[in-house]
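Per-entry structural report
What follows is the residue order along each chain.
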Amino acid sequence: MVTFFSDYISNDVTINNSYKIGDVVSDFELKNVDGNMVSMSDYKDAKGFIIAFTCNTCPFAQAYEGRIMDLDKKYASKGYPVIAINPNNPEVQPGDSFKAMQDRAKEKGYTFPYLVDEGQHVYPEFGATKTPHMFVLQKTKKGNIVRYIGAIDDNYKDPTAVKTKYVEEAVDALLKGEEVKQQETKAIGCSIKA
């Protein structure tokens with residue numbers, strides 16, 4: 001009972017300290033599969049970012065992989081590139097090792113950075129709990145502000161049966177200078193392996 005309660009408290013603290021809608025996100029610098037370090041500040045012309053916490057091994061992440069690639073193809077040229085971050089600890093999940101990430105990115109032809117959260121410092125700041133877990137950020141004079149948190153869309157099983165594309169709707173609204181209507185949804189995926 002004490003252990004459960006202390007776990008609940010410590011988890012609650014992490015959630016409370018993580019980014020919420022409207023928060024300014026601190027920049028990060030993480031290693032890409034090509035060996036280079038990548039940060040949001042590298043993207044001088046970006047209007048914002050689609051941050052995808054994802055991995056190699058989770059069936060949900062695999063189901064959404066093509067859709068994450070499509071988001072980058074659709075929005076990078078409009079100023080909203082995808083940055084994918086693997087939050088999993090490779091000691092717990094060997095299929096998410098840096099070498100496995102490199103192989104996956106090459107095999108699938110990723111057009112976006114696929115970064116490793118070494119030491120697992122970045123995902124708790126965001127409050128990511130699943131793979132995939134999506135965050136849409138808007139670049140402003142104050143910094144990169146969180147405008148959407150949650151799932152990519154409303155049907156992980158079947159892309160052809162999707163009724164609501166949450167991430168696309170958020171980015172489209174921001175591109176038009178409008179408020180994001182649905183700012184949060186529940187991320188559907190595997191728990192992050194810490």
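Look above for the structure.
Residues numbered from 1 in each chain as written. Predicted model: local features only at pLDDT ≥ 70, side-chain atom pairs only at ≥ 80, totals over all residues. Heavy atoms only, no water.

1. Brief notes about the state of the cysteines
Formally: To count as a disulfide, a pair of cysteine sulfur atoms needs to be within 2.5 Å.
Enumeration over the complete set of coordinates arrives at one disulfide. Cys-55 carries a free sulfur, and the closest cysteine sulfur to it, the one in Cys-58, is 5.1 Å from it.

2. Regarding the nonpolar core
Spelled out, the test is: To define a nonpolar core, start from buried Ala, Val, Leu, Ile, Met, Phe, Trp, Tyr and Cys residues and group those joined through side-chain atoms within 4.5 Å. Here's how the labels work: a residue is buried when its accessible area is under 20% of the maximum for its type, exposed when over 50%, partly exposed in between, all with a 1.4 Å probe on protein chains only. Every helix listed is a DSSP run of H or I at least four residues long, and every strand listed is a run of E at least two residues long, numbered separately from the N terminus. Any two residues whose heavy atoms approach within 4.5 Å at even a single point are treated as in contact.
Grouped together as the largest cluster of nonpolar side chains are 33 residues, with contacts concentrated most on Ile-50, Leu-71, Tyr-114, Val-136 and Val-167. Of all the secondary structure elements, the ones that give two or more residues to this core are strand E4 (48–53), helix H2 (59–75), strand E5 (82–86), helix H3 (98–108), strand E6 (114–116), strand E8 (133–139) and helix H5 (166–175). Ignoring any residue separated from it by four or fewer positions in sequence, one finds Val-136 in contact with Phe-49, Tyr-80, Ile-145, Val-146, Arg-147, Tyr-148, Val-167, Ala-170, Val-171 and Leu-174.

3. Remarks on H5
Residues that lie three or four places apart on an α-helix share one face, since the helix turns once every 3.6 residues. Along H5, seven of the ten residues are buried, which leaves the element largely enclosed by surrounding structure. Along H5, the positions that sit buried rather than exposed are Tyr-166, Val-167, Glu-168, Ala-170, Val-171, Ala-173 and Leu-174. Contacts from the buried residues of H5 go to E4, H2, E8 and strand E9 (144–150).

4. Things to note about the packing of aromatic side chains
Quick note on the threshold: Side-chain rings of Phe, Tyr and Trp, where Trp is taken by its six-membered ring, are said to pair if the distance between their centres is within 6.5 Å; with planes under 30 degrees apart they count as stacked, over 60 as edge-to-face, and otherwise as tilted.
By the definition in use, this model includes nine aromatic pairs. Taking the centre distance of 5.7 Å and the plane angle of 80° together, the rings of Phe-53 and Phe-135 count as edge-to-face. Residue Phe-53 is found in strand E4, and its partner Phe-135 is found in strand E8; the two are separated by 82 residues along the sequence. As far as the burial class goes, Phe-53 and Phe-135 line up, both buried. Measuring from ring centre to ring centre gives 4.7 Å for Phe-60 and Tyr-156, while their planes differ by 55°; the resulting arrangement is tilted.

5. Overview of empty space enclosed by the protein
To be explicit about the condition: Lining residues are those with an atom within 4 Å of a point, where the points come from a 1 Å grid over the protein atoms alone and group into cavities, where a 1.4 Å probe fits but cannot get out, or pockets, open sets with protein on both sides within 12 Å along at least five of seven lines. Grid points are joined across faces, edges and corners, and a volume is the space filled by probe spheres set on the points.
Inspection of the entire model under this criterion finds one cavity of 30 Å³ or more. Taken as a whole, the largest cavity spans an internal volume of roughly 60 Å³. Taken together, Thr-54, Cys-55, Asn-56, Ala-61, Gln-62, Glu-65, Ile-68, Arg-104, Tyr-110 and Phe-112 form the lining of the largest cavity. Counting residues per element, the lining of the largest cavity draws most heavily on H2, which supplies four residues.

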